[in-house]
Amino acid sequence: TNYVCPICSKSLADMSDYFSRIDAYMKDSLNHMPEEVAKVKNLIFCADCEKRSTAPFHYSYHRCAHCRSYNTKVLGRAQENVQSEIKGHE
């Protein structure tokens with residue numbers, strides 16, 4: 001079942017219960033991420049508040065820093081990751 005608008009991608013209902021369950025899952029799973037990605041941040045776009053933010057890398061979920069929604073899309077790696085990689089190769 002999909003709970004987002006097919007046109008604008010905003011959540012169609014109060015998703016707070018569902019997002020709370022994801023929060024509980026994320027609390028545990030982020031502590032078990034492989035070392036290679038444990039400190040990686042992704043740049044994300046939130047369809048609900050239409051803002052960009054960064055979130056810790058995860059295979060499935062990325063929470064918006066502004067409205068706490070998980071209705072997000074990964075845009076790429078956060079700039080801070082790219083800068084540290086460039087410094088590591090100098």
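Residues numbered from 1 in each chain as written. Predicted model: local features only at pLDDT ≥ 70, side-chain atom pairs only at ≥ 80, totals over all residues. Heavy atoms only, no water.

Student: Quick rundown of the nonpolar core? Include the residues and the values.
Tutor: Counting five residues, the largest nonpolar core consists of Met 15, Phe 19, Ile 22, Met 26 and Tyr 70. Dropping the residues within four chain positions of it, Met 26 is found in contact with His 58, Tyr 61 and Tyr 70. (Core = buried A, V, L, I, M, F, W, Y, C linked by side-chain atoms within 4.5 Å. Buried < 20%, exposed > 50% of the residue type's maximum accessible area, 1.4 Å probe, protein only. Contact = heavy atoms within 4.5 Å.)

Student: Provide a residue-level description of the side chain of His 62, including the pertinent values.
Tutor: Of note, His 62 is situated in the loop between β2 (52–56) and β3 (72–77). Relative accessible area serves as the criterion here: at 7%, His 62 is assigned to the buried category. In terms of polar contacts, His 62 uses its side chain to reach the side chain of Asn 42, at 3.2 Å. A polar atom in the side chain of His 62 sits 3.2 Å from the backbone oxygen of His 58. Among residues more than four places away in sequence, those in contact with His 62 are Asn 42, Ile 44, Ala 55, Pro 56, Phe 57, Ser 69, Tyr 70, Thr 72 and Val 74. (Helix = DSSP H or I, 4+ residues; strand = E, 2+ residues; numbered from the N terminus. Polar contact = N/O pair within 3.5 Å; in protein donor to acceptor, adjacent residues only side chain to side chain.)

Student: Any details on the sheet that holds β2? Residues and values, ideally.
Tutor: Spatially, β2-β1-β3 is the arrangement adopted by the three strands of the open sheet, whose pairing is antiparallel. Each edge of the sheet is formed by a strand with only one pairing partner; in this case those strands are β2 and β3. Each neighbouring strand pair of the sheet contributes to a mean axis angle of 40 degrees, computed without reference to strand direction. Alignment of strand β1 (residues 41–46) against β3, held across five bridges, turns out to be antiparallel. (Pairing = 2+ DSSP bridges. Axes fitted to C-alpha atoms, helices over the stretch in contact; angles between N-to-C directions.)

Student: Account for unusual backbone geometry, naming residues and giving values.
Tutor: Positioned with a positive phi, Ser 9 is a non-glycine residue whose angle comes to about 70 degrees. Counting through the fold element by element, Ser 9 comes out in the segment before α1 (16–29).

Student: Explain the pattern of salt bridges to me, using residue names and the numbers behind them.
Tutor: One pass over the full model with this rule turns up three salt bridges. Lys 10 is paired through a salt bridge with Glu 50; the nearest N and O atoms lie 3.1 Å apart. With Lys 10 in the segment before α1 and Glu 50 in the loop between β1 and β2, the pair connects residues that are 40 residues apart, well separated along the chain. Since its relative accessible area comes to 27%, Lys 10 is described here as partly exposed. Overlapping salt bridges, with partners in common, bring together Asp 23, Arg 63 and Arg 68 in one network. (Salt bridge = Lys/Arg side-chain N within 4 Å of Asp/Glu carboxyl O.)

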